[in-house]
Structures are given as C-alpha cells and as structure tokens.
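Letter by letter, the chains look like this.
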Amino acid sequence: MKIDAITIFPDYFAPMRLSLLGKAQGQGILEINVHDLRAFTTDNHHTVDDTPYGGGAGMVMLPEVWGLAIDSIIEDGATLVVLTPAGKRFTQEMAQELTNSKQLIFACGRYEGIDDRVRQYYSRDEFKERNINVLEVSIGDYVLGGGEVASMVMIEAITRLLPGVLGNPESLSEESHNSEGYLEYPNFTKPQTWREISVPEVLLSGNHGEIAKWRATQAKLRAEKNL
C-alpha cells in the first residue's frame, strides 16, 4: 500500500518510521511518503492560509496550494482523506475498507481547515472516472490542533490490517473491536498475584471452553459499560 501525507509539519510523522510500520516499510509491504505543503507555495513567505470570506475567527488554508500538492502525487484509484471534525466517524470497519485502496492521501489541515473547494474539485466526475474518491473523516467528537495526529491514528489502524505487517497474524483474530462490536476482554500475565490482586481462577483452569465463555462475557460487559 502507498500512503502520502500532506502537512505543514512533516516532522510530526517521524514515529511512522518506528516499530511495526518501520519494519513494514523496510520489507516493502508499505510505502509512506510525507510532503511539506509549504514546498508548493509560490510566494516568498510560503503562505498557506488567508482570512475567511464572510468574516470569522481564524484562518483558512488556501485551495491553490493544496491543489498543487495533491496534483503532484495523486494516482488513479486513490482515496483522498480530508481530516475534519465534520467528517464521518472513523471505525474499525472503515479501517478494513481502506485497506483496499491503492493509494491513501491524508490532507492534514490546520487553523479553520482547508478551503472546501478542494473537496469539491476532487469530487468531480472526472476524478470518479479515475476511481479517485474523497472521504471526509473525524476520529472523534473533539477538536485537535491539526490533522497530523488523526492521520497517524488512521494510518496505524489501517496498516496493521495489511498482510505481513503484524509479527503474529493470529493477533488480528482477537481485535479490541471485533465484528460483533464488543471490546477486548481483560488480559493478565505473570505473576499470578500482584499487589494482592489475583488473576481470575478460570484463566488458570486450563479449560479452554470455560475460558472462551469468560472472555466473551467480559468483552460484552465492557462494551455495555461503554455505551
């Protein structure tokens, strides 16, 4: 999979070179490219924003700069992901769907966001004919300083589903958010007792059927608690 992120703070993505994602890139399973939006500006001050039409607080990111940046990297079959609090909520199901994308482009907005004409332009029929889609996404009901952190959340959730990224493929069979909507059950390791708190007896029983029942019940209780 090819992933491109456009941002005014490229160093934000340094962690993408670490751990499993770093190994996956080294093995050629994954390609992550980070592009500095300011490299596509045309003035001496490298301006990427301006005041909003209609008034209001904050600044809006310029469409022309974003257009030049996206044009330079977009390929047929790409999904342009625009991070915005107004977008569709990111879920495990969406992460799975996005693994089918040939290219993911993350547009990391700042300030009051990106001029909406960028979304409108790349949603035109001419791009749909090239199998290019625009997806507005939010990772939660809160506001961040920019789209970088949200992009990294999505990138990690998506790429760990790719074959060969996880060291143990069986880990995917017991995800924290499974297909039934339950959260992962509580996990324990050695020692058997820690600070007077003991591991549940059923996990020490060796009865795999009872252990499976206990874990399913605990997962369901956790999900209900979080409703």
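Right above here is the structure, for reference.
Given the structure is predicted, the values throughout are model-derived calculations rather than measurements.

Rules and cut-offs
- Going along each chain's sequence as written, the residues are numbered from 1 onward.
- In view of the model being predicted, local features appear only for residues whose pLDDT reaches at least 70, and side-chain atom pairs are presented and counted only at 80 or more, with totals across whole chains, interfaces and linings using the full set of residues.
- Computation of side-chain values covers all heavy atoms of the structure but excludes hydrogens and water.
- Two strands are said to pair when DSSP picks up at least two bridges between them.
- Helix and strand labels come from DSSP, where a helix needs a run of H or I of at least four residues and a strand needs a run of E of at least two; each type is numbered from the N terminus.
- Handedness is read with the strands pointing away from the viewer; a crossover is right-handed when the path from the first strand over the helix to the second is clockwise.
- Patch members must show over 30% relative accessible area and no salt bridge, and they are joined within 9 Å when carrying like charges or within 5 Å when they are nonpolar side chains of Val, Leu, Ile, Met, Phe, Trp or Tyr.
- Methods summary: accessible areas were calculated by the Shrake-Rupley approach with a probe of 1.4 Å, and residue burial reflects only the protein chains presented.
- In the sections that follow, a salt bridge refers to a side-chain nitrogen of Lys or Arg positioned within 4 Å of a carboxyl oxygen of Asp or Glu.
- Here the term buried applies to any residue with accessible area under 20% of the maximum for its type, exposed to any over 50%, and partly exposed to those in between, with areas from a 1.4 Å probe on protein chains only.
- Nonpolar cores were defined as sets of buried Ala, Val, Leu, Ile, Met, Phe, Trp, Tyr and Cys residues, with membership established by side-chain atoms within 4.5 Å.
- Residue contacts follow a heavy-atom distance rule, with two residues in contact if any of their heavy atoms lie within 4.5 Å.
- Multiplying one less than the number of residues by 1.5 Å gives the expected span of a helix.
- Within 3.5 Å is the distance limit for a polar contact, defined as a pair of N or O atoms, with the added protein rule that one can donate a hydrogen and the other accept it, and that residues adjacent in sequence qualify only through two side-chain atoms.

**A word on the pairing of strand S2 (residues 31–36)**
Argument step 1. Alignment of strand S1 (residues 2–7) against S2, held across 6 bridges, turns out to be parallel. For Lys2, the partnering residue across the bridge sits in S2 and is Glu31.
Argument step 2. Chirality of the crossover, the property in question, places the unit of S1, helix H1 (residues 19–26) and S2 among those that are right-handed.

**Overview of a nonpolar patch on the surface**
Argument step 1. Residues Phe9, Tyr12, Tyr142, Leu144, Val149 and Val153 make up a contiguous nonpolar surface patch of about 520 Å² in total accessible area.
Argument step 2. Structurally, Val153 is set in helix H6 (residues 147–159).
Argument step 3. A residue is classified by how much of its surface remains accessible, and Val153, at 38% relative accessible area, is partly exposed.

**Comments concerning the nonpolar core**
Argument step 1. Judged by nonpolar contacts, the single largest core of 28 residues is most densely connected at Phe106, Met154 and Ile158.
Argument step 2. Looking at this core, the elements that each hand over two or more residues are S1, H1, strand S5 (78–89), helix H3 (92–98), strand S6 (103–107) and H6.
Argument step 3. The dominant element in this core, judged by the number of residues it contributes, is H6, at 6 residues.
Argument step 4. Among all residues touching Ile158, those that are not within four sequence positions of it are Met1, Phe90, Ala95, Leu98, Thr99, Leu104 and Phe106.
Argument step 5. Core analysis: the second largest hydrophobic core is formed by 21 residues, Ile6, Ile8, Ile73 and Ile114 among them.

**Let's talk about the pattern of salt bridges**
Argument step 1. Per the stated rule, a full pass over the model turns up 8 salt bridges.
Argument step 2. Here Asp141 makes a salt bridge to Arg89, at a shortest N to O gap of 2.7 Å. On the criterion of sequence distance, the pair formed by Asp141 in the loop between strand S7 (133–138) and H6 and Arg89 in strand S5 is long-range, its members being 52 residues apart.
Argument step 3. By relative accessible area, Asp141 is classed as exposed at 70%.
Argument step 4. In this structure, the salt-bridge partner of Lys213 is Glu210, at a minimum N-O distance of 3.7 Å. Here Lys213 and its partner Glu210 are both found in helix H7 (residues 208–225), 3 residues apart, which amounts to about one turn of the helix.
Argument step 5. Looking at Lys213, the relative accessible area reads 54%, which means it is exposed.
Argument step 6. A relative accessible area of 37% places Glu210 in the partly exposed class.

**Quick notes on H6**
Argument step 1. Over its 13 residues, H6 runs 18 Å from end to end, which matches the ideal 18 Å to within 8%, given 1.5 Å per residue.
Argument step 2. Most of H6 is tucked away: 10 of the 13 residues are buried.
Argument step 3. Those residues of H6 not exposed but buried are Gly147, Glu148, Ala150, Ser151, Met152, Met154, Ile155, Ala157, Ile158 and Thr159.

**Re the environment of Ser138**
Argument step 1. If you trace the backbone, Ser138 turns up in strand S7.
Argument step 2. Separated by 54 residues in sequence, Ser138 and Thr84 have C-alpha atoms that sit 5.4 Å apart.
Argument step 3. Once residues within four sequence positions are removed from consideration, Ser138 is found in contact with Thr84, Pro85, Gly87, Lys88, Arg89 and Phe90.
Argument step 4. One polar contact links the side chain of Ser138 to the main-chain carbonyl oxygen of Gly140, over a distance of 2.9 Å.

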